[in-house]
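Understanding the architecture of this molecule
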Amino acid sequence: MTTSERAPSAAPPPGTGRAVERRGLAALAGLLAAAVALGVAELVAGLVGPASSPVIAVGDAAITLTPEPVKSFAIRTFGENDKIALIAGTLVVIALYALLVGVVGLRSRRLGVLGVAVFGAVGVLAALTRPAGEPLDALPSLVGALAGIVTLLALLAPLSSAGRAARERSTGARTTDDDADGQLLDRLRQVLGSGDRKGAGLDRRRFFLTGGIALGVAAATGGGGRLLQRRFDVAGVRAGLRLPTPASPAAPLPPGADLSGRIDGLTPLFTRNGDFYRVDTALVAPRIRPADYRLELTGMFDTPRTYTLDDLFERDDVIERDITLTCVSNEVGGVLAGTARWMGVPLVTLLRENGLRSGSDQLLCRSVDGMTIGAPTRQVLEVEDAMLAFGMNGEPLPVVHGFPVRMLIPGLYGYVSACKWLVRIEATTFAAVDAYWTEREWAAEGPIKIASRIDTPKPLREIPAGRHAIAGVAWAQTRGIARVEVRVDEEEWVEAELSPQVDADLWRQWVLPYDFAPGRHSITVRATGADGEVQTETRASPFPDGASGWHSIQVLAG
């Protein structure tokens, strides 16, 4: 057979292009319906509270249900942006689900409606099962789902009814009520001349008009919801608070206490509030008005009582201390550590004046959002500078760091000591109840391990050959740092210069000038605590009680 005699390629069946287009538009209908649902839900959440938003409620539930290895991976990968990544991931999943619901809804309205209803039910369940969830928190998801259903049906109507009716007529099949409605709509379009001339059952003009309205509704309700949620903001009242004058101020810093002014790349002695690391499970930082704040002491106390913020501010034993905090998720050489000048009420004094009973070995601290932190009672009573903090670097606590009150216990990782947005301290036992992290098999007691870090030079960077400062920080809270040693390649360990000793709870900067020959070099650091403990070389991951090992980097001198 010659080329001219070959049979022509098979043409696509009639209507295939229109069918593909309808499915594509149906997927878009599902996406627009989800946008309206979320926008309306945000608007209602503006009346109920930010945490009742379906995205936030579902995100919070995802955090609770996520296995610990996945959480650790997220913190390692995204750092303090892990919450942004989670919200973005949640929105992507919702978008993919909405596309599928739209396509399914094109074939069966009932299944499409059911798909949106399931979306709403997940939001309701997530909102109600939050530790601090209340019945009213379900309202945004319910109203949003209803709006999504209405939007989906309105967008699918121009895509399928006439075409389905035509197929039923051609096969002689019995029509359902939906198909009968479709035939009626088809006849009306023919009479009114509104049918799209490019294909029966596809009214593009009506679809895009309805889609434009849906997009406008989603934008208006979502934006309006965000504006309404500003009424929960406490930035104004926080800025108006005046911290009390501490009865016991922080020790004055000796001259030359901060070496970062003369060494580029070295971590400052104090961390600015805006730069301080944040690792917690709250997708939306709780907002508590100072006038509404209450701290309740319950459980194993002889005379438990409740404190207002004014009660704490007006005490005559307010202290101010320089303390380095460390997150248990901090990897060797990681940046999840920071120092601030904290102000608050001595925790030990508060516990004893309320008659803390000797049988308590755990202080179960509860945040306003329901988060629980279990602090070991013995360590709390042994640490004089443990406090209920309400000041950070000379100003009231930032909202994301626990405003108005958080717990702070030097020498313990944050997961057993640093309860933010603190509203209750229950004196209890480890045998009686597990806190959030111990339920997930983290160690019940989390003493901070001695650690040191190289800040400069940066790893895997090329530097000119010659003399450069090797510098960083080291910490061993409640004990202090006595010595830091550095090793380059296989040379002997050399002791580094330390910044002046200020307080055992405060990290120390260290620096070692070194002449780098051309080539690749390995730099390693280790610290020794004031109690004589030498930082271990043995590597351990953060789970279940904190990372360990020497920090080592590679640089290239050229």
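Provided above is the structure to which this section pertains.
Residues numbered from 1 in each chain as written. Predicted model: local features only at pLDDT ≥ 70, side-chain atom pairs only at ≥ 80, totals over all residues. Heavy atoms only, no water.

1. Topic: empty space enclosed by the protein
In the structure shown here, the tally under the stated rule is three cavities of 30 Å³ or more. Each pocket or cavity is described by its volume, and for the largest cavity that value is around 150 Å³. If you go around the largest cavity, you meet 17 residues; those closest to its centre are N330, E331, A451, W475 and A547. Here the residues of the lining of the largest cavity are counted per class, giving seven nonpolar, eight polar and two charged. As a volume, the second largest cavity reaches approximately 90 Å³. Forming the walls of the second largest cavity are G30, A33, A34, A37, I94, Y97, A98, V101, G115, V116 and F119. Sorting the residues of the lining of the second largest cavity by element identifies helix 1 (16-48), helix 4 (82-107) and helix 5 (109-128) as the ones contributing at least two each. (1 Å grid on protein atoms, 1.4 Å probe; cavity = no way out; pocket = protein on both sides within 12 Å on 5 of 7 lines; lining within 4 Å. Points joined across faces, edges and corners; volume = space filled by probe spheres on them. Nonpolar A, V, L, I, M, F, W, Y, C, P; charged D, E, K, R; others polar. Helix = DSSP H or I, 4+ residues; strand = E, 2+ residues; numbered from the N terminus.)

2. Some thoughts on the sheet that holds strand 1 (residues 294-299)
Judged by pairing direction, the sheet is mixed, and its five strands sit side by side in the order 2-1-10-5-6 without closing on themselves. At either end of the open sheet lies a strand with only one pairing partner, and these are strand 2 (306-308) and strand 6 (372-376). Each neighbouring strand pair of the sheet contributes to a mean axis angle of 20°, computed without reference to strand direction. Bridge count for strand 5 (residues 362-367) against strand 10 (residues 422-428) is six bridges, and the pairing is antiparallel. Considered in strand 10, the bridge of R366 is made with R424. (Pairing = 2+ DSSP bridges. Axes fitted to C-alpha atoms, helices over the stretch in contact; angles between N-to-C directions.)

3. Some points on the layout of surface pockets
Roughly 1,100 Å³ of internal volume is contained in the largest pocket. The wall of the largest pocket is formed by 39 residues, among which A51, R130, A132, V368 and D369 lie closest to the centre. Only helix 1 and helix 2 (54-65) provide two or more residues apiece to the lining of the largest pocket. At six residues, helix 2 tops the list of elements feeding residues into the lining of the largest pocket. Of the residues in the lining of the largest pocket, the class split is 22 nonpolar, seven polar and ten charged. The computed volume of the second largest pocket comes to approximately 810 Å³. As for the second largest pocket, its lining consists of 45 residues, and the residues nearest its centre are I75, V279, D280, T281 and W437.

Geometric descriptors of this kind do not, in isolation, establish any biological role.
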